[in-house]
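# Secondary and tertiary structure notes
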Amino acid sequence: MKLLLLAGDDIGPEIMAPTKRALIRLNEKFDLGLDFEERSIGMEALQAEGTTLPDAVMESARAADGVVLGPVGTFKYPPKEQGGINISAAFRISMDLYANIRPSKTRPGVPSMAKQMDLVIVRENTEGFYADRTMFAGTGEFMPTEDLAMSMRKITREGSRRIAVAAFELARTRRKKVTIVHKANVLKITDGLFLSVARQVAADYPDVEVEDVIVDAMAALLIRKPEAFDVIVATNMFGDILSDEAAELSGGLGLGGSINASAERAIAQAAHGSAPDIAGQGIANPAALMSSAAMLLAWLAQKNGSNALAQASELFIRSVDHALADPVNHTPDLGGPGSTAAFGDAVVAQIES
Ligand code: ATP
């Protein structure tokens, strides 16, 4: 089984290093039979090959059983014509990775604004307000005059159905509650379609409690009573914003793991960006990328019916939680004295113990 590791930009290489070490140790411990391949993307690839996403990397990603993608600094990429490809978007669209699964939970030892929280945001990844995902040709964002900018939002019946199914299936493995987030009071047609399809899907899951909440109320309720939520399903941009809020409530962006998945493929990717402000200092929190890699192992375990992969994933998650439980391991984003490497050492030591 092949895993492709793509370090990405800014803090990417720093947080990929301990993630790779942990994966190598798990591979040995559980005899997973994983082969690792590493390739260059982002600004490094742009300088060497004239594009942030060389064709050969895309081919490797398609051939791999899973990909661990470091954060990418899209903001400083040149226009597409000059090689600046938005790597996350390219993977999500071309591989149809429609489900972005973003868990957030409070953990013993981690200072957090939320007292108690254990939820997963299931975010639709391929349509919504993202203008690059709206059109067959061209972009859904345009400027008819210099004083008028417009963008279009796409919501489809099938896109809404499959993300709702992903949410209800996940809820069945958890506390059996789904919250559908929408703005159907204003976006009556688009979010109206999303909401009605999600409710139809809900009818097939009578064992799962369902509620729907308007997105602005949801932003407030997440702060007021985060413990009330289990699985939250949302369209693309609402899910993106709410998942950053949830990660922050749980302790910080450096904790937000995630995978982008379809039934056939999955890419592990931290929910945060490439954090250029702290790059090169050895202080980035690798917990989010490590948690993402652990989620990828769980996804592979389910796909392949592999106990060893499931055990490796569980041990990985427990080891990250164990390292986070001791404030001495905390990186500065969590208010601690630690470093990226020392946190990695703590996780690897726990895997080996
Ligand atoms: P993007 O639009 O690519 O998601 P962003 O604008 O949300 O990026 P981030 O790169 O996620 O920005 O950074 C936001 C803030 O969070 C920055 O101050 C950054 O240093 C901090 N941050 C993000 N990830 C981490 C991490 N892994 N460890 C420590 N701090 C982080």
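If you're wondering where the values come from, they're calculated on a predicted model, not measured in any experiment. (Residues numbered from 1 in each chain as written. Predicted model: local features only at pLDDT ≥ 70, side-chain atom pairs only at ≥ 80, totals over all residues. Heavy atoms only, no water.)

What follows concerns the overall build of the protein. A count of helices and strands for the protein gives 11 helices and 12 strands. Projected onto its principal axes, the C-alpha coordinates of the protein cover approximately 55 × 50 × 40 Å. Split into buried and exposed, the 353 residues of the protein put 54% on the buried side. Partitioning the contacts of the protein with sequence separation of at least 6, the portion at a separation of at least 24 is 74%. Element-wise, carbon and sulfur atoms account for 55% of the exposed surface of the protein, whose accessible area totals about 15,200 Å². (Helix = DSSP H or I, 4+ residues; strand = E, 2+ residues; numbered from the N terminus. Buried < 20%, exposed > 50% of the residue type's maximum accessible area, 1.4 Å probe, protein only. Contact = heavy atoms within 4.5 Å. Areas by Shrake-Rupley, 256 points an atom, 1.4 Å probe, with all protein chains shown as cover.)

Turning our eyes to something else, we now look at the packing of helix α1 (residues 12-30) against helix α10 (residues 307-325). For the pair α1 and α10, the least separation of the axes is 10 Å and the interaxial angle reads 135 degrees. Judged by the angle between their axes, α1 and α10 are oblique. Once α1 is placed against α10, the crossing between them reads as right-handed. Facing α1, whose interface residues are T19, A22, L23, L26, K29 and F30, α10 presents A308, Q311, A312, L315 and F316. (Axes fitted to C-alpha atoms, helices over the stretch in contact; angles between N-to-C directions. Parallel < 35°, antiparallel > 145°, perpendicular 65-115°, else oblique. Left-handed = near helix turned anticlockwise from the far one by under 90°.)

What follows covers the layout of surface pockets. Estimates place the volume of the largest pocket at around 1,300 Å³. The wall of the largest pocket is formed by 36 residues, among which I101, L170, I259, M295 and Q302 lie closest to the centre. Tallied by class, residues from the lining of the largest pocket come to 19 nonpolar, seven polar and 10 charged. Estimated volume of the second largest pocket: approximately 790 Å³. As for the second largest pocket, its lining consists of 33 residues, and the residues nearest its centre are T74, N86, S88, Y130 and D240. Those elements that place two or more of their residues in the lining of the second largest pocket are α4 (87-94) and α8 (236-249). (1 Å grid on protein atoms, 1.4 Å probe; cavity = no way out; pocket = protein on both sides within 12 Å on 5 of 7 lines; lining within 4 Å. Points joined across faces, edges and corners; volume = space filled by probe spheres on them. Nonpolar A, V, L, I, M, F, W, Y, C, P; charged D, E, K, R; others polar.)

By the assigned domains, the protein splits into domain 1 (1-98 + 265-353) and domain 2 (113-250). Taking only C-alpha atoms, the centre of domain 1 and the centre of domain 2 are 25 Å apart. Contacts between domain 1 and domain 2 engage seven residues on the former and nine residues on the latter. Here domain 1 and domain 2 share an interface that buries about 790 Å² over both sides, 49% of which is from carbon and sulfur atoms. (Domains from an automatic or database assignment. Buried area = accessible area lost by both parts, 1.4 Å probe.)

Turning next to the site of the ligand. Around the ligand, the structure places I11, L253, G254, H272, G273, S274, A275, D277, I278, A284, N285 and D333. Here a nitrogen atom of the ligand sits 2.9 Å away from a polar atom, N or O, in the main chain of N285. Against a free-state accessible area of 620 Å², the protein chains account for coverage of 60% of the ligand. Looking at the shell around the ligand, its residues break down into five nonpolar, five polar and two charged. (Near = heavy atom within 4 Å. Polar contact = N/O pair within 3.5 Å; in protein donor to acceptor, adjacent residues only side chain to side chain.)

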